[in-house]
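Chain and residue survey
As a plain string of letters, each chain reads:
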Amino acid sequence: MTRGFGRYALIVYSVIAFTFILIPIVYTIVFSFNDARRTNIIWRGFTLDNWLNVCQSQGVCEAFGTSILVGVVATVLATVLGTMIAIALVRYRFRFRKATTLLLFLPMATPEVVLGAGLAAEFLTAGVQKGVGTIILAHTMFCISFVVVTVRARIESLDPALEEAGRDLYGSPAQVFWHITFPLLIPGIMAAALLSFALSFDDFIITNFNAGPAVTLPRYIYTAAARGIPPEANVVASAVFIAAIVIVIVVQVSSAARRKRLAAL
Amino acid sequence: MAFGAFASTEAPAVEQAPRRKSRVVLFLLLPGILYLLLFFAVPLVSLALTSLQQPSLTGDIGSYDYAFNWQNYVVVIERYGPHILRSFGYAVTATVFALLFSYPLAYFIGVTLRPYRLLQGLALVLVIAPFFISFLLRTLAWKQILADEGPVVSFLQALQLMPADAQITGTAFSVIFGLTYNFIPFMVLPIYTSLERLDLRYVEAGADLYASPATTFRKVTLPLSAPGIISGVLLTFIPAAGDYINASRDFLGSTDTAMIGNVIEANFLVLQNYPAAAALSFILMSVILVLISFYVRRSGTEDLV
Amino acid sequence: MARGQFDEAGADLELQGVTKRFPGFTAVDDLTLTIPAGSFFALLGPSGCGKTTTLRLVAGLEDATEGRILIGGKDVTSTKPHQRPVNTVFQSYALFPHMTVLENVEFGLKRRGISDAGQKAHEALRLVELDHLAGRKPQQLSGGQQQRVALARAIVNRPALLLLDEPLGALDLKLRRQMQLELKSIQGEVGLTFLHVTHDQEEAMTMADTVAVMNKGRIEQLGAPEELYELPHTAFVANFLGQSNLFTGPVAGTTADSISVELAGHKIVVPKSRAKRHTGEVTVGIRPEKLRLHTEAPTPVPEDNLLGPGRIADVSFSGVSTQYLVDIPGVGSIVVFAQNSTFGPVAAEGAEVWLTWHIEHGFGLLDEPGEESKFASDTDTQTLAVQRRKRLESELEAG
């Protein structure tokens, strides 16, 4: 709708805005190649050493491993529990529906510091020893709601006629679910799982309250921030970033190509 | 995407959802609901109880007994009043900046790029790109870019726009800057969602009915994207108000910029003053609950999730 | 445009050599057209023919690549939509969902600073008989009601020119017929110039004083509805407005006032006054309802054309009339509509029949034979017959 000057001003603004958004990312990636000795603050020259010997720095790889472990387990738990709730919300009517949606909504609306402190207070009262287990419990909790939102949107976009056709063609409710509904939900479930993993992998605040001695990657970075971050942390973060971006762009481009093919038919 | 969480969509399907065997519903709902009750609702209760505790008679540090010691609230408000006010001040300012920054960008992606699906997708990837790199590392990157010896300060000082002894990091400005930057995607995405759905024929109708582009924007586009703006404001304000990374001494802040999150963390994890941390958490939570209840009244509970 | 006052009633619209090119195709090709003030003008054509683009050019929602647009003699080619004395009733209605019906109708008046906008809006709503729903939101109205609000929102501004972009397309058949009559009577009441875009030939013919048939960005033919129907100039018009049987052959003989075309041993005579070309290969046509069906060989008379014998390949009964598909060797399939004025079908499938028609009913086209067929392959006579049958069936069901 925008025309002439306004349109160009908007394009120029957007290019600047995108550049601004990317600045710290580029900075982080560039400094993963810094030939830094102890503190990675000043540029001292290009090197591949950090990338080739990631694990030489104390604790980076262990922290990364813990983050992956926590992320995978919490994602599996949250995806299973959240998908079940999403199906119930769309396909069934039940009492306490409002209370249920409120219970799902509030964790997303509660500041992380409150979620973290609350869980920590509970673990303290119950005398639970904090560690990797409590981090997983905490991450699963805040991921469930996001899974429900994502999967629910997918179920709602399904054509109910497909399930009706399944029933019409002599499918029992269970068969219809496993042969028709579930396969159609897989893209939504995958998206929810990826989102969960990303949320868990980057969480610091809730983790910090419930980690005890366990060290995840964000926790490692937080502790190291006071004395200087080793470049290996940049390497790990950059590698994760590049992998995630490549996946997302491949998905984008291939779905665009699919649209084009469909349009050509 | 989860950022639609706050965007009000029409809630379909509820009416036609059949009432089927309650055992199936229980099987689907119960595990997840119990989990949330156990690890979300109970902790809040536990936090409430903790906030009223008093120091244990044994005198051990970090040991407290259950009580109804509501004076904890008076104490923390007296001691941390400036931090509480500062938190909301910073969060409001950062939310306003994020909105001003994000709206044109969301408009560009949702409206200008609409005919170019692939470009639109890639632009969205750029917006959420910060999510894929560690929150802490990107904040540290800004710290180093804005540091005293960093490029920005040197440049400004060379131009004499900044006194030689002035700093950026450790100031209120840098904390608000960090909060703004870190929550931009939360602002762009819901606004984008509502602008992407905006039927451009309404804009054409506005032009057809003698409204200038500026009037059409004010009377048509802006009100129709209001749900996205409200979602974006909540999604930015809530984490910004509770954040303690940006304001932390090791990141963009200093002791003078400590926010409520910093004092909760310090009281809980360092000073082991659990009642104070819990009381502060409850103060933060209640402010946010007031905001949320306005939102719920506006759009109903069905759209929440 | 001046603030705070209305324009004088309807104005002429003039398009001078208007062209609109999009990347890859030309939507409107060198269009020149004058629509006199106060008339009801319809642009008729299939989807993609450029009619909606023409409308958007007039509204200012698209910029013309070439040419000029004048409203009431004033050049508006380079003005913005909100500066043009033109209002549109959009196909989707585009009623603002966040405003009430009344706020929607007042919108344009307020932008122009017209006094007592509220009262004028209520008047417009009374005209479309919806004043009692002024406080509702558009989503709470039925399709027909929304359509009327859209109309009220446009005419309340007394535009010099009202543009209607398939405004009835989303309504069901019955409502559409009713709205056609209402629109026509409202146009009479307010005396504005209406430019109506539609792909529904029946709608165009019943409502408009003048119809322009558009195809591939150009106007194929323009005139009163009867004129277009009785004397189409091109095969496209002959087949888009109703149905036609078309035959192509060399001109074999000429008299002072008629030509005769040679067709597989038959001679088809067309008056010179009704034929656009008089020499060479000529396409001539006849409307199906003008054909008479004979079960016995009729005696040839000079005022009639005669084809036959042929065989009936298909009979379909549609209430008011019966449609026959007659195969004549060397000529092809011919569609015949026979009024059901006598009880039961006149002839059965497989029967041997002859066809006659008055030579004054035929017409000769302008199209060069061999020229790339102007009508798509899916509009050949037979397909059209099937489509028409389906449409009639669904119409009967809906009724």
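Not measured: the values here are computed from a predicted model.

When its secondary structure is counted, chain C shows nine helices and 20 strands. Counting across all 399 residues of chain C, residues that qualify as buried make up 41%. For chain C, long-range pairs separated by at least 24 residues make up 67% of all intrachain contacts whose partners lie at least 6 apart in sequence.

Below, the discussion takes up the sheet that holds strand 5 (residues 74-75) of chain C. Residue and element names in this part refer to chain C. An order of 2-1-4-5 is seen for the four strands of this open sheet, with the pairing classed as antiparallel. Two strands close off the open sheet at either side, each with one partner strand: strand 2 (25-35) and strand 5. Relative to the sheet, helix 1 (residues 51-59) contacts strand 1 (13-22), strand 2 and strand 4 (66-71), its axis offset from that of strand 2 by approximately 65°.

It is worth spelling out the domain arrangement of chain A at this point. Residue and element names in this part refer to chain A. As assigned here, chain A comprises domain 1 (1-57 + 234-265) and domain 2 (59-229). A C-alpha centroid distance of 26 Å is found between domain 1 and domain 2. Among the residues forming the side of domain 1 that touches domain 2, the class breakdown is four nonpolar, three polar and one charged.

Turning to the interface of chain C and chain B, a few remarks are in order. With 16 residues of chain C at the interface, the matching set in chain B holds 14 residues. Listing elements by their share of the side of chain C that touches chain B, those giving two or more residues are strand 6 (86-89) and helix 2 (101-111) of chain C. The leading source of residues in the side of chain C that touches chain B is helix 2 of chain C, at three residues. Within the side of chain C that touches chain B, the residues separate by chemical class into seven nonpolar, six polar and three charged.

Many descriptions give the size of an interface as the accessible area lost when the pieces come together. Residue and element names in this part refer to chain C. Taken domain by domain, chain C comprises domain 1 (13-226) and domain 2 (231-398). Domain 1 and domain 2 are separated by 36 Å when their C-alpha centres are compared. Taken together, the contact between domain 1 and domain 2 spans eight residues of the former and ten residues of the latter. Split by residue class, the side of domain 1 that touches domain 2 holds three nonpolar, three polar and two charged.

Turning to the confidence of the model for chain C, a few remarks are in order. Residue and element names in this part refer to chain C. A residue-level look at chain C finds 89% of positions with pLDDT of 70 or above and a mean pLDDT of 85. Predicted confidence is poor over residues 371-380, with pLDDT under 50, and the contacts of this stretch with residues over four places away or in other chains come to eleven contacts. Quick note on the complex model: pTM equals 0.80, ipTM equals 0.87.

Counting from both sides, the interface comprises 86 residues of chain A and, opposite them, 82 residues of chain B. For the side of chain A that touches chain B, the secondary-structure elements that each account for two or more residues are helix 1 (4-30), helix 3 (60-91), helix 4 (97-109), helix 5 (112-126), helix 6 (132-157), helix 8 (173-202), helix 10 (217-225) and helix 11 (231-264) of chain A. Here the side of chain A that touches chain B is built from residues that sort into 63 nonpolar, 13 polar and ten charged.

Another aspect to go through is the sheet that holds strand 7 (residues 161-165) of chain C. Residue and element names in this part refer to chain C. Within the open sheet, the six strands sit side by side as 6-7-8-3-9-10. Their pairing is mixed. Looking at the sheet topology across the chains shown, the edges are occupied by strand 6 and strand 10 (218-223). Across the sheet, the axes of successive neighbouring strands diverge by a mean angle of 20°, strand direction being ignored.

Here the focus is the environment of Ser238(A). Residues and elements named next belong to chain A. Along the chain, Ser238 turns up in helix 11. Taking the C-alpha atoms as reference points, Ser238 and Ile25, separated by 213 residues in sequence, lie 8.3 Å from one another. Excluding residues within four positions of it along the chain, Ser238 makes contact with Thr28, Ile29 and Ser32.

Another aspect to go through is the nonpolar core. General note: in soluble globular proteins, nonpolar side chains tend to be found buried as a group. If you look at the biggest cluster of nonpolar residues, it comprises 152 residues, and the most contacted ones within it are Ala117(A), Ile221(A) and Leu280(B). For this core, the domains that each give at least three residues are domain 1 (1-57 + 234-265) and domain 2 (59-229) of chain A. For Ile221(A), the residues in contact, after removing those within four places along its chain, are Ile229(A), Ala233(A), Ser134(B), Leu136(B) and Leu137(B).

Contact pair helix 6 of chain A / helix 1 (residues 22-51) of chain B: the axes reach a minimum separation of 10 Å and the direction vectors enclose 120°. Considering their axes alone, helix 6 of chain A and helix 1 of chain B lie oblique with respect to each other. As helix 6 of chain A packs across helix 1 of chain B, the resulting crossing turns out to be left-handed. On helix 1 of chain B, the residues touching Leu137(A), Met141(A) and Ile144(A) of helix 6 of chain A are Gly32(B), Tyr35(B), Leu36(B), Phe39(B) and Phe40(B).

A word on the pairing of strand 2 of chain C. Looking along a regular strand, one sees side chains alternate from face to face of the sheet. Residues and elements named next belong to chain C. Note that strand 1 and strand 2 share seven bridges and pair antiparallel. If you follow Phe22 over to strand 2, its bridge partner there is Phe25. Hairpin connection, strand 1 to strand 2: the antiparallel pair is bridged by two residues, and Gly24 has positive phi, about 100°.

A word on the arrangement of the chains. Contacts are most numerous, across the two pairs of chains in contact, for chains A and B. Contact between chain A and chain C is absent, and the minimum C-alpha spacing across the pair is 9 Å.

Our focus in this paragraph is the environment of Thr169(B). Residues and elements named next belong to chain B. For Thr169, the location among the structural elements is in the loop between helix 5 (151-158) and helix 6 (172-197). Among the residues examined, Thr169 registers 23 C-beta atoms within 10 Å and is labelled buried. A sequence separation of 25 residues divides Thr169 from Gln144, and the C-alpha atoms of the two residues are 8.8 Å apart. Every residue in contact with Thr169, bar those within four places of it in the chain, is listed here: Lys143, Leu146, Ala147, Ser174 and Leu252.

Our next topic: helix 5 (residues 173-190) of chain C. Residue and element names in this part refer to chain C. Over its 18 residues, helix 5 extends 26 Å from the first C-alpha to the last, a length consistent with the 26 Å expected when each residue adds 1.5 Å. Residues of helix 5 that are buried include every one of Met179, Gln180, Leu183 and Gln187, and no others. Looking straight down helix 5, one finds its buried side chains confined to an arc of 115°; they lie on one side. Away from its buried face, by an angle of more than 90 degrees, helix 5 presents the exposed residues Lys174, Leu181, Ser185, Gly188 and Glu189. For helix 5, the elements touching its buried residues are strand 3 (40-44), helix 4 (143-155), strand 8 (193-198) and helix 6 (201-207). Positive phi appears at Gly191, one or two residues downstream of helix 5, with a value of about 65°.

Cut-offs used in this document
Residues numbered from 1 in each chain as written. Chains lettered and ligands numbered in written order. Predicted model: local features only at pLDDT ≥ 70, side-chain atom pairs only at ≥ 80, totals over all residues. Helix = DSSP H or I, 4+ residues; strand = E, 2+ residues; numbered from the N terminus. Buried ≥ 20, exposed ≤ 12 C-beta atoms within 10 Å, placed from the backbone. Contact = placed C-beta atoms within 7 Å. Pairing = 2+ DSSP bridges. Axes fitted to C-alpha atoms, helices over the stretch in contact; angles between N-to-C directions. Domains from an automatic or database assignment. Nonpolar A, V, L, I, M, F, W, Y, C, P; charged D, E, K, R; others polar. pLDDT = per-residue confidence, 0-100. Core = buried A, V, L, I, M, F, W, Y, C linked by C-beta atoms within 7 Å. Parallel < 35°, antiparallel > 145°, perpendicular 65-115°, else oblique. Left-handed = near helix turned anticlockwise from the far one by under 90°. Expected span 1.5 Å × (residues − 1). Arc of directions from axis to C-beta.

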